[in-house]
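What the coordinates show
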Amino acid sequence: MTDWLSRYIENTPGIRGGRPRLAGTRITVADIALMHLRLGQSLEEISGRHQLTLAALYAAMAYYYDRREEIEQTMREDLAFMEGFQRNHRSAIKEKLAGLRPT
């Protein structure tokens, strides 16, 4: 990783699964890409909402575009895990709410 990029992006085993994230935070590069590209939030919005510098966010997007397929693959894996977890673990709250609905 280039020197300027390593100021903003770090990988630490045991933190967010060792995925690339903004230095000093638990916010991953994939989180930023998701908010920006899929949810349509501008980098300025993300910066204000999460108290992040624009430089860090642009570095995250540069990192994303440089390693796009790798990061997209981890995003797909995370989604598959979440969907499988939801299928296999019943929600007690949803069951209670369903029991309150008139039949």
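Read on for an overview of the structure. (Residues numbered from 1 in each chain as written. Predicted model: local features only at pLDDT ≥ 70, side-chain atom pairs only at ≥ 80, totals over all residues. Heavy atoms only, no water.)

On to the nonpolar core, then. Grouped together as the largest cluster of nonpolar side chains are 22 residues, with contacts concentrated most on Ile9, Leu22 and Ile32. Listed by contribution, the elements that provide at least two residues to this core are helix H2 (29–38), helix H3 (43–50), helix H4 (54–66) and helix H5 (68–88). Counting residues per element, this core draws most heavily on H4, which supplies seven residues. (Core = buried A, V, L, I, M, F, W, Y, C linked by side-chain atoms within 4.5 Å. Buried < 20%, exposed > 50% of the residue type's maximum accessible area, 1.4 Å probe, protein only. Helix = DSSP H or I, 4+ residues; strand = E, 2+ residues; numbered from the N terminus.)

The packing of two helices is summarised by the inter-axis angle and the distance between the axes. Running from N to C, H3 and H4 point in directions that differ by 125°, and their axes come no closer than 9 Å. Classed by the angle they form, the pair H3 and H4 counts as oblique. Seen along the crossing, H3 lies across H4 with a hand that is right-handed. In contact with Leu43, Glu44, Ile46 and Ser47 of H3, H4 contributes Leu54, Leu57, Tyr58 and Met61. Taken together, the residues of the contact of H3 with H4 break down into six nonpolar, one polar and one charged. (Axes fitted to C-alpha atoms, helices over the stretch in contact; angles between N-to-C directions. Parallel < 35°, antiparallel > 145°, perpendicular 65-115°, else oblique. Left-handed = near helix turned anticlockwise from the far one by under 90°. Contact = heavy atoms within 4.5 Å. Nonpolar A, V, L, I, M, F, W, Y, C, P; charged D, E, K, R; others polar.)

This part covers the pattern of salt bridges. Counted under the stated rule, the structure contains six salt bridges. Here arginine 16 makes a salt bridge to aspartate 31, at a shortest N to O gap of 3.0 Å. Of the two residues, arginine 16 is situated in the loop between strand S1 (9–10) and strand S2 (21–22) and aspartate 31 in helix H2; the sequence distance between them amounts to 15 residues. Its relative accessible area of 31% is what places arginine 16 among the partly exposed residues. A salt bridge links glutamate 72 to arginine 38; the shortest N-O distance between them is 2.4 Å. Of the two residues, glutamate 72 is situated in helix H5 and arginine 38 in helix H2; the sequence distance between them amounts to 34 residues. With relative accessibility at 13%, the residue glutamate 72 sits in the buried group. (Salt bridge = Lys/Arg side-chain N within 4 Å of Asp/Glu carboxyl O.)

The next thing to look at is the layout of surface pockets. Taken as a whole, the largest pocket encloses approximately 260 Å³ of empty space. Residue lining of the largest pocket: Arg16, Arg19, Thr28, Ala30, Asp31, Leu34, Arg38, Thr74, Met75, Arg76, Asp78 and Leu79, and that is the complete set. When residues of the lining of the largest pocket are traced back to their parent elements, those giving at least two are H2 and H5. Of all the elements, H5 adds the most residues to the lining of the largest pocket, at five residues. Residues belonging to the lining of the largest pocket are distributed by class as follows: four nonpolar, two polar and six charged. (1 Å grid on protein atoms, 1.4 Å probe; cavity = no way out; pocket = protein on both sides within 12 Å on 5 of 7 lines; lining within 4 Å. Points joined across faces, edges and corners; volume = space filled by probe spheres on them.)

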